[in-house]
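Report on the structure
Here are the chains, one letter per residue:
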Amino acid sequence: MKTLVAYFSHTGENYFPDGIRHIDKGNTTIAAELAQQITDGDLYEIAPATRYPENYKECVAQAVAEKQQNARPALKNPVPDLSGYDRIILGYPCWCGTFPMPVATFLESADVTGKELFPFCTNEGSGMGTSEADLKSLVPAADIKKGLAIKGSLAAQAENDLKNWLG
């Protein structure tokens, strides 16, 4: 089974249980790299053409505005041809209760018809939010599997959870 691990992650100021901290590597990146190692899949970063602000409050304000506008931010990297993949592991932080809008850009730019889509979400307490239902609405032709919520601050310890989830 050929697997693509596609993920969106944020660096800069991030929310942690003990407050806002600066990180140089996003929690979702850490979990996506673990998923890539487990599956021996290919890795694709869903990177917006214009970086999100490093400042936490500014980033949240932008994410809220994009969600309200149902925006589709341009992506930095071309979307890969998914025809050779059976399974897509899709990682993202929970923003505004769902996936960030660049994830929607990615999904609408790629043909995920008939693909197994395994969503995972890093968060500090919101779980998957409405992202699973939102994915089913956005890409109904994909076979969307039960998602995995990963506590972002513990992403580096998520290997066993990812293995169990991916079977």
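Everything below is about the structure shown above.
Attention here is on the structure that accompanies the text.

**With respect to the packing of helix 1 (residues 27-39) against helix 5 (residues 159-166)**
- Contact geometry for helix 1 and helix 5: axes closest at 10 Å, N-to-C directions at 55°. The angle between helix 1 and helix 5 places the two elements in the oblique class. Handedness of the helix 1/helix 5 crossing: right-handed. Residues Ala31, Leu34, Ala35, Ile38 and Thr39 of helix 1 touch helix 5, and the partners they reach there are Glu159, Leu162, Lys163 and Leu166.

**Regarding the nonpolar core**
- Residues Ile46, Leu90, Phe106 and Leu107 are the most contacted members of the largest nonpolar core, which totals 31 residues.
- Going through the elements one at a time, strand 1 (3-7), helix 2 (56-69), strand 5 (87-93), helix 3 (101-109) and strand 6 (116-123) are the ones with two or more residues in this core.
- Top contributing element to this core by residue count: helix 3, with 5 residues.
- Contacts of Leu90, omitting those with residues within four sequence positions, involve Ala6, Ile46, Val103, Phe106, Leu107, Leu117, Phe118, Pro119, Phe120 and Leu135.
- Core analysis: the second largest hydrophobic core is formed by 16 residues, Tyr7, Ile150, Ala155 and Leu162 among them.

**A closer look at the environment of Gly91**
- On the secondary structure map, Gly91 appears in strand 5.
- Through-space distance from the C-alpha of Gly91 to that of Thr50 is 19 Å; in sequence the pair is 41 residues apart.
- If we ignore the near neighbours within four places in the chain, the residues touching Gly91 are Ala6, Tyr7, Phe8, Thr28 and Phe120.

**Focus: helix 2**
- Taking 1.5 Å of rise per residue, 14 residues should cover 20 Å, and helix 2 covers 20 Å from first to last C-alpha, within 8% of that figure.
- Those residues of helix 2 that sit buried are Cys59, Ala63 and Glu66. All buried residues of helix 2 lie within an arc of 65° about the axis, which places them on one face of the element. Exposed residues lying more than 90 degrees from the buried face of helix 2 are Lys57, Gln68 and Gln69.
- In this structure, the buried residues of helix 2 make contact with helix 3.
- Between the side-chain oxygen of the N-cap and the backbone nitrogen of Lys57 there are 3.0 Å, and the N-cap of helix 2 in question is Asn55.
- Looking one or two places after helix 2, you find Asn70, whose phi comes out positive at around 50°.

The rules we used
- Residues numbered from 1 in each chain as written.
- Predicted model: local features only at pLDDT ≥ 70, side-chain atom pairs only at ≥ 80, totals over all residues.
- Heavy atoms only, no water.
- Axes fitted to C-alpha atoms, helices over the stretch in contact; angles between N-to-C directions.
- Helix = DSSP H or I, 4+ residues; strand = E, 2+ residues; numbered from the N terminus.
- Parallel < 35°, antiparallel > 145°, perpendicular 65-115°, else oblique.
- Left-handed = near helix turned anticlockwise from the far one by under 90°.
- Contact = heavy atoms within 4.5 Å.
- Core = buried A, V, L, I, M, F, W, Y, C linked by side-chain atoms within 4.5 Å.
- Buried < 20%, exposed > 50% of the residue type's maximum accessible area, 1.4 Å probe, protein only.
- Expected span 1.5 Å × (residues − 1).
- Arc of directions from axis to C-beta.
- Polar contact = N/O pair within 3.5 Å; in protein donor to acceptor, adjacent residues only side chain to side chain.

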